[in-house]
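Here's the letter readout for the chains.
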Amino acid sequence: MPTRLLCLSEPKPSITKLPPLGMEARDISSDFRRYYVRTLGRDKHCRSTHYVYNALSLTLRDRLMERWQATYYAYDAAKSRFTYYLSMEFLIGRSLGNAMLNLGVQNAAEKAMYDLGIHLEELVEHENDAGLGNGGLGRLAACFLDSCATLGLPVMGYGMHYEYGMFRQHIENGHQVEEPDHWLRNGHPWEIVRPEYTQRIQYGGRTEFYKDDAGVTHARWVDTHDVLAVPCDIPVPGFENGTVNTLRLWKAAATDEFDLEEFNAGDYTRSVADKNSAENISMVLYPNDASENGKELRLKQQYFLASASLKDVIRHWVSHHGNDFSQFAAQNCFQLNDTHPTIAIPELMRLLMDEHGKGWTEAWKITSSTMAYTNHTLLPEALERWPVRLFQQLLPRLLDIIYEINARFLGEVSKHWPGDTGRLKAVSIIEEGPAPQVRMAYLAIVGSFSVNGVAELHSQLLKEGLFHDFYSIWPQKFNNKTNGVTPRRWVAWCNPGMTELISSEIGHGWITDLSQLSQLKPLAENAEFRRRWHEVKQENKARLSKLVSLECNVIFDPSFMFDVQVKRIHEYKRQLLNILHVIHLYDRIKRGDTANWTPRCVLFGGKAAPGYAMAKRTIKLINNVAKVVNEDPATQDFLRVAFLPNYRVSAMEVIAPGTDLSEQISTAGKEASGTGNMKFMMNGAITIGTLDGANIEIREEVGPDNFILFGLTAPQVEAMRSHYNPNEIIAKDENLGRVLSLLESGFFNQFEPQIFDCIVDSIRNPHDPWMTAADFPAYVDAQRTASLLYHDRDRWLRMSILNSAASGRFSTDRTMQDYNRDIWHLTPVKPDRE
Ligand code: 26W
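Residues numbered from 1 in each chain as written. Predicted model: local features only at pLDDT ≥ 70, side-chain atom pairs only at ≥ 80, totals over all residues. Heavy atoms only, no water.

## Observations regarding the pairing of strand β23 (residues 661–664)
Consecutive side chains along a regular strand alternate between the two faces of the sheet.
Item 1. A two-sided burial pattern is seen for β23, the buried positions comprising Leu661 and Glu663 on one face and Ser662 and Gln664 on the other.
Item 2. Note that strand β20 (residues 561–566) and β23 share two bridges and pair parallel. What sits directly across from Val564, in β23, is Ser662.
Item 3. Of the strand pairs in this sheet, β23 and strand β24 (residues 686–689) are connected by four bridges, and their pairing is parallel. Note that in β24 the partner of Gln664 across the bridge is Gly689.
Item 4. Traced from β23 through helix α25 (residues 676–682) to β24, the parallel crossover comes out right-handed. (Buried < 20%, exposed > 50% of the residue type's maximum accessible area, 1.4 Å probe, protein only. Helix = DSSP H or I, 4+ residues; strand = E, 2+ residues; numbered from the N terminus. Pairing = 2+ DSSP bridges. Right-handed = clockwise from strand over helix to strand, strands pointing away.)

## Quick word on the sheet that holds β24
Item 1. Overall, parallel pairing links the six strands, which are arranged β22-β21-β20-β23-β24-β25 in an open sheet. Because the sheet does not close on itself, it has two edges, and the strands there are β22 (639–644) and β25 (708–709).

## So, the pairing of strand β21 (residues 600–605)
Item 1. Here β21 lies mainly inside the structure; six of its six residues are buried.
Item 2. A two-sided burial pattern is seen for β21, the buried positions comprising Arg600, Val602 and Phe604 on one face and Cys601, Leu603 and Gly605 on the other.
Item 3. Both β20 and β21 contribute to a ladder of six bridges, which runs parallel. What sits directly across from Val566, in β21, is Gly605.
Item 4. Between β20 and its parallel partner β21, the chain crosses via helix α22 (residues 575–591), and the hand of that crossover is right-handed.
Item 5. In this structure, β21 lies alongside β22, joined through six bridges in parallel fashion. Within β22, the residue paired with Val602 across the bridge is Val641.

## With respect to the site of the ligand
Item 1. The ligand sits among 22 residues. The nearest are His376, Asn483, Glu671, Ser673 and Gly674.
Item 2. The contact in question runs from an oxygen atom of the ligand to an N or O atom on the backbone of Leu137, over 3.0 Å.
Item 3. In isolation the ligand exposes 570 Å². Once the protein is present, 96% of that is buried.
Item 4. Residues that form the shell around the ligand fall into these classes: seven nonpolar, 10 polar and five charged. (Near = heavy atom within 4 Å. Polar contact = N/O pair within 3.5 Å; in protein donor to acceptor, adjacent residues only side chain to side chain. Areas by Shrake-Rupley, 256 points an atom, 1.4 Å probe, with all protein chains shown as cover. Nonpolar A, V, L, I, M, F, W, Y, C, P; charged D, E, K, R; others polar.)

## What about the packing of α22 against helix α31 (residues 772–791)?
Item 1. The contact between α22 and α31 brings their axes to 10 Å, and the two run at 55°. As summarised for this structure, α22 and α31 are arranged oblique, according to the angle between their axes. In the packing of α22 onto α31, the handedness of the crossing is right-handed. Contacts between α22 and α31 involve Leu576, Leu577, Asn578, Leu580, His581, His584 and Arg588 from the former and Thr772, Asp775, Phe776, Tyr779, Val780, Gln783 and Arg784 from the latter.
Item 2. When the residues that make up the contact of α22 with α31 are grouped by side-chain class, the tally is six nonpolar, five polar and three charged. (Axes fitted to C-alpha atoms, helices over the stretch in contact; angles between N-to-C directions. Parallel < 35°, antiparallel > 145°, perpendicular 65-115°, else oblique. Left-handed = near helix turned anticlockwise from the far one by under 90°. Contact = heavy atoms within 4.5 Å.)

## Side note on the nonpolar core
Item 1. Residues Phe304, Phe391 and Leu395 are the most contacted members of the largest nonpolar core, which totals 112 residues.
Item 2. Among the elements that take part in this core, helix α9 (residues 296–321) stands out by supplying 10 residues, more than any other.
Item 3. Those residues in contact with Phe391 that sit more than four places away from it in its chain are Leu299, Ile343, Trp386, Pro396, Leu399, Ile402, Val438 and Met440.
Item 4. Grouped together as the second largest cluster of nonpolar side chains are 91 residues, Cys46, Ala109, Met498 and Val564 included. (Core = buried A, V, L, I, M, F, W, Y, C linked by side-chain atoms within 4.5 Å.)

## Considering helix α32 (residues 793–805)
An α-helical turn contains 3.6 residues, so a residue and the one three or four places further along point in the same direction.
Item 1. End to end, α32 covers 18 Å across 13 residues, agreeing with the expected 18 Å (1.5 Å per residue, within 8%).
Item 2. By the burial criterion, the buried members of α32 are Trp796, Leu797, Met799, Ser800, Ile801, Asn803, Ser804 and Ala805. (Expected span 1.5 Å × (residues − 1).)

## Quick notes on the sheet that holds strand β17 (residues 437–439)
Item 1. Strand order in the open sheet formed by three strands is β15-β17-β16, with antiparallel pairing between adjacent strands. Single-partner strands in this sheet number two, and they are β15 (385–387) and β16 (430–431).
Item 2. Note that β16 and β17 share two bridges and pair antiparallel. Bridged to Glu431 within β17 is Gln437.
Item 3. Packed on one face of the sheet, helix α16 (residues 440–447) meets β15 and β17 and runs near 45° to β17.

This is how it looks when you write it as structure tokens:
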């Protein structure tokens, strides 16, 4: 670790004081050239975009850096209470464009580059996405940080610095093929490593009890195998407000110690190899969304994040307050992004008791008033459970503490329901059985002062179903915080045409107060505004069609309706329902049933978890159907289908603005919220959707006339389960019957016998949890409505404008204000401009 030669706090000529950097094109240009030539050592012969990209990034990073420091001085001066957002995933995507937008130097940078003969867009496209997340939950975390910085809230993100992010998806012969995503290969100019804040993380070993001088018994965790956690900080700029918050990502490094026993036994190479295994902890993001697989390395990762982050916060606390933790809970709050970081609860207990000498009662009071838990899914297969045996091996001292938390909790439960042993078993943090497990969601609820779902329906279902017993005990803990998305990335950055059009009418205040978009409502009746709105949409569709042509080799005609479903591939999200509808449309074309036809381009995109066979088979089906449809000359004027490989944040930045129809068709009661639905809405797409997750609130905001609804409701889905008979539905519905006959005839898999049998079986199965057949007839009707509406261009444009106009509630600025009002209670801080 670097040591300090001199004391820098001496008031000599300060080495940290510098004049502010200019923000004009000429300032950017001169810094850019200095970086390019002097720092990176390139000259006029260099033809690589890489160095140009890096020189501009460093130029902008300097401007972030001065605001970053000013922000922290301001938080310090205000003695700010902080929230720490603990998340195994932050799906931040690209940073260059985001930095320019938030610093307000987009035009200046564009001019500076243009004058040097460089196309800014090429630099933007050069950047790899930081794909440090699976999907909704990880992107949500990134949008939250953006809004907190824009609101001036003292919120810091803590996450993992994975070497390999979300895998890259290729399509080979219609199948998904995964390739590792070594996103750091070309460096990452947006992070700065801070080895001075390295933490030591313990694994293994055993608990030892000892008595202190006063005769009080304490525990300590000994004989452990340790790994270092090194922080890499990424700046999180607010929108033109001088605030830059921090996302701190932990990277694993080996300690320099040898395992002496192994060494003495002569196994020198093995003890060096062990160092490698330490570094594996932050090697790779687990690509499973919505199903846990109980891998030891994953538990190591979770503990690594929780322990390093807590130790970091406590390091800072002790440097200001010594061993006095009386105000710790008043000054600090931890928001747990799903159960993944829940081990932070027993870890904080351990740190307070074993390392800071606090008693159980004080430690529990602090812990249970600092932790808050957000649930992101109702699917039982996604609920994390860890084998007690694994805990015993890896984190023995934490298991002691979990047992004690559970014993005290069950004591309370028996007071609440005297004599009800069944209830004790049901709510116990430890699930008994031949292989006992720790139920992480229950631990999270017991140890937190707030438990929230991510949309109204989801939060309601948590209280009625999954967590009902806990709700009975602690109704006041439960609350809803409907998700959102940041309007900076998801409109202002990705849709410049629409941004300019909106701002020309209502000014640009909407970028930080999205409710102002409601001022667009009357403009839906203005023919000239509709014309301009249409023009922007068509330009955006042309941009999307270029992407599709490049990556799928399929021609999307921008005069067709663009019908899009992009999200993780999962049975509950029902990409299958969508492709069945595509087959139905194809069947109609082949029958000549094309009167009054609205031509469509149907786009799919999304990754399947590598071990999820049905999801992978669905990708194959989509690709096979696309091939048949696109190659059949009969479909020319009516239908195109494409599967966009490697769906990611930067792809969505092109997709959302170019979409007409947004597919949000999950089985009701299964999608906790959805956030893609919000990105599409903001960009003027109309939703075809079920009453699920935030769709319900979207429909509430935009009105039933501007939302294309279909399908069973969540209670109807549950009521139908006991007598669900898909084969009867198939027999009665001619369209569905024909679609299934086509599928069963092998029409889409001529030389690949049987590959879609599992899909057909799932549709015909009376126990199909996703009830695809049940919603098919209503879906086809709704799609017919969509086609008719699109046919009437003025009608569609009105709906499109009204959707954007009504999207104000789905800004994460609103979401963060809700969290802050009900859970965090932070005071916004404005950093000094100088
Ligand atoms: C343990 C494996 C695992 C990994 C990730 C289980 C579950 C997850 C996440 C909870 C999956 C996820 O991203 N959930 C999504 O979270 C979004 C943000 O709240 C919601 O909008 C989506 O509806 C929800 O599916």
